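Here are the chains, one letter per residue:
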Amino acid sequence: MTHNEEDLLVQLAWLYYVGNKNQEEIANQLGLSRFKINRMLARAREKGLVKIAIQHETAQSLDVAGRIQAAFDLRECIVTPAIAVPGGNADEDENNARRAVGIAASSFLERRLRVPEPVTIGLAWGRTIAAMVDELPKLSKADLKIVSLMGSLSRNARTNPFDCVHSLAQLCEGEAYILPAPFIADSEADYQVIMSQKLVQQALKLARSADFYIASFGDCSKQSFIYHHDLLHDDEIDQVINAGAVADMLGKFFDKDGALLDNTLNRRTPSVSYEDIRSRDVVLLAAGLSKAKALVALLRSGTINRLIVDGDLAAGLLPLIGRG
């Protein structure tokens, strides 16, 4: 069997088992008969490509991963197979991309946790990180400590972002440590008061000792998660956009060149410091084509060491590499 034939088997299996597409949809997309799709899915199972997850990376994914890793001097880059359908539903594609990255990230995390020594993880929150926690199999790691890296309480009681720290700790039988703070303080003076609290200082001290950080990110726009979930008001999102922000990560806002903004919002978000981020092994989870410019900015910042990214976003990243 050639590389191209095996890559097609993997693509079919990914579309069917991860992309939740039926055989008719796959047949229409790839121009193959339903009978052939059925036979190839059976062959993928026989070859061991399909287990709980897809145990394979296509040659194209490996090539794209290598190019991104070299361009941004990363220690590791994992690219999932591309699954978006041209002209398809953008929301559905983004959900599938998050799940794909969640599966890849759970495999990465399981590998990092299967060690005899204690492990401490600094964890952000967000939909892609929640997808990782959802896909992680239950395992026993009683000496695992998980600490939140940023505030997560919203101003609106109906919206409390994903409690990923508690969920992951429960899944692994480890200990959870929360940063008891809102995503953004009302003023710089309030920020100083929050950051001086004993519980906050204890959480930040533990975060500074973490073996690695797992982060997600957003684009700075009125389509972003933090805006739609009332974490920023209209005047605040306008202020940060007008200041040149294109990405936010771990409570920090960055411009298109990856520089940390000198802006009041960066002095109102309780979280680990920029120096803390630069000193840790940072694993960034990235899903969704709309985040290409934001992802490039963060990769240019030099704060990212490892990237787990969906194949469609990774491919969309390539034309932006090297641009100003």
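Criteria and cut-off values
- Residues numbered from 1 in each chain as written.
- Predicted model: local features only at pLDDT ≥ 70, side-chain atom pairs only at ≥ 80, totals over all residues.
- Heavy atoms only, no water.
- UniProt positions renumbered as here; feature names shortened; annotations may be inferred.
- Helix = DSSP H or I, 4+ residues; strand = E, 2+ residues; numbered from the N terminus.
- Polar contact = N/O pair within 3.5 Å; in protein donor to acceptor, adjacent residues only side chain to side chain.
- Contact = heavy atoms within 4.5 Å.
- Pairing = 2+ DSSP bridges.
- Axes fitted to C-alpha atoms, helices over the stretch in contact; angles between N-to-C directions.
- Core = buried A, V, L, I, M, F, W, Y, C linked by side-chain atoms within 4.5 Å.
- Buried < 20%, exposed > 50% of the residue type's maximum accessible area, 1.4 Å probe, protein only.
- Phe/Tyr/Trp six-rings, centres within 6.5 Å; stacked < 30°, edge-to-face > 60°.

In the nomenclature of an unreviewed UniProt entry, the chain is known as Sugar-binding domain-containing protein of Rhizobium loti. Check the Sequence similarities (unreviewed entry) section of the UniProt entry for the chain; it says "Belongs to the SorC transcriptional regulatory family."

### A few points about the side chain of Ser-148
As for its position among the elements, Ser-148 is in strand S3 (residues 144-148). A distance of 2.4 Å separates a polar side-chain atom of Ser-148 from the backbone nitrogen of Leu-179. Discounting chain neighbours no more than four positions away, the residues touching Ser-148 are Leu-123, Val-165, Tyr-177, Ile-178 and Leu-179.

### Some words on the sheet that holds strand S6 (residues 218-219)
Within the open sheet, the three strands sit side by side as S6-S7-S8. Their pairing is antiparallel. Edge strands, defined here as strands with exactly one partner in the open sheet, are S6 and strand S8 (252-255). Direction of pairing for S6 relative to strand S7 (residues 245-249): antiparallel, over a ladder of two bridges. When the sheet's bridge partners are listed, Asp-219 is paired in S7 with Ala-247. In this fold helix H13 (residues 292-300) packs onto S6, S7 and S8, with an angle of close to 70° to the strand it touches most, S7.

### Some points on the nonpolar core
Counting 95 residues, the largest nonpolar core has Ile-68, Ile-214, Met-249, Leu-295 and Leu-307 as the members making the most contacts within it. In terms of residue count, the dominant contributor to this core is helix H5 (residues 90-113) (seven residues). If sequence neighbours within four positions are ignored, Leu-307 has contacts with Ile-68, Leu-74, Glu-76, Cys-77, Ile-78, Leu-284, Ala-286, Leu-295 and Leu-299. Judged by nonpolar contacts, the second largest core, of 17 residues, contains Val-10, Leu-15, Leu-41 and Ile-103.

### A few points about the packing of aromatic side chains
Across all of its chains, the model carries three aromatic pairs by this definition. Residues Trp-125 and Phe-183 carry aromatic rings whose centres are separated by 6.0 Å and whose planes lie at 65° to one another, so their mutual orientation is edge-to-face. Of this pair, Trp-125 sits in the loop between strand S2 (119-123) and helix H6 (127-135) while Phe-183 sits in the loop between strand S4 (175-177) and helix H8 (188-195), and the two are 58 residues apart along the sequence. Here the two residues Trp-125 and Phe-183 agree in accessibility, since each one is buried. Between Phe-254 and Tyr-274, the ring centres sit 6.3 Å apart and the planes meet at 50°, which makes this aromatic pair tilted. Here Phe-254 is found in strand S8, whereas its partner Tyr-274 is found in helix H12 (residues 274-279), with 20 residues between them in sequence. By relative accessible area, which is 18% here, Tyr-274 ends up buried.

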